[in-house]
Amino acid sequence: MLATDLKRDFEALARQAVRANVRISVDHLRHGSEVLEELVEKDGLLIVGAEYALESGAVDFFDGMPAE
């Protein structure tokens, strides 16, 4: 990320870092446990990434949400 223009915009860098952390955590949950993998595959469990804004209380779901 520091090889991009994000190195000049700390707020944008922080937003991207938070989202990258969520994506990595979601991927770990999806693929780090045989039990969870089976529940996803056979029972339709959804493991979804989201970001919670402390300022507004809004939740932005962005990784793994099914299309409407």
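Scroll up to find the structure.
Attention here is on the structure that accompanies the text. Just so we're clear, the structure is a prediction, and the values are computed from it rather than from any experiment.

Criteria and thresholds
- Residues numbered from 1 in each chain as written.
- Predicted model: local features only at pLDDT ≥ 70, side-chain atom pairs only at ≥ 80, totals over all residues.
- Heavy atoms only, no water.
- Pairing = 2+ DSSP bridges.
- Helix = DSSP H or I, 4+ residues; strand = E, 2+ residues; numbered from the N terminus.
- Patch = residues over 30% accessible without salt bridge, like charges linked within 9 Å, V, L, I, M, F, W, Y side chains within 5 Å.
- Areas by Shrake-Rupley, 256 points an atom, 1.4 Å probe, with all protein chains shown as cover.
- Salt bridge = Lys/Arg side-chain N within 4 Å of Asp/Glu carboxyl O.
- Lys, Arg positive; Asp, Glu negative; His and termini not counted.
- Charge placed at Lys NZ, Arg CZ, Asp CG, Glu CD.
- Buried < 20%, exposed > 50% of the residue type's maximum accessible area, 1.4 Å probe, protein only.
- Phe/Tyr/Trp six-rings, centres within 6.5 Å; stacked < 30°, edge-to-face > 60°.
- Lys NZ or Arg CZ within 6 Å of the ring centre and 35° of its normal.

## Quick notes on the pairing of strand β1 (residues 49-52)
In the sheet, β1 pairs with strand β2 (residues 59-63) via four bridges, with the strands oriented antiparallel. Across the sheet, residue Glu51 finds its bridge partner in β2, namely Asp60. Hairpin remark: β1 followed by β2, antiparallel, with six residues in the connecting loop; positive phi at Gly57, about 80°.

## Here's the deal with a negative patch on the surface
On the surface, a cluster of negative charge is made up of Glu34, Glu37, Glu38, Glu41 and Asp43. Structurally, Glu34 can be placed in helix α2 (residues 34-43). With a relative accessible area of 72%, Glu34 lands in the exposed category.

## Concerning the packing of aromatic side chains
Under the definition given, this model contains zero aromatic pairs. The ring of Phe62 is capped by Arg19, whose NZ or CZ atom sits 3.9 Å from the centre of that ring.

In short, geometric facts, not functional conclusions.
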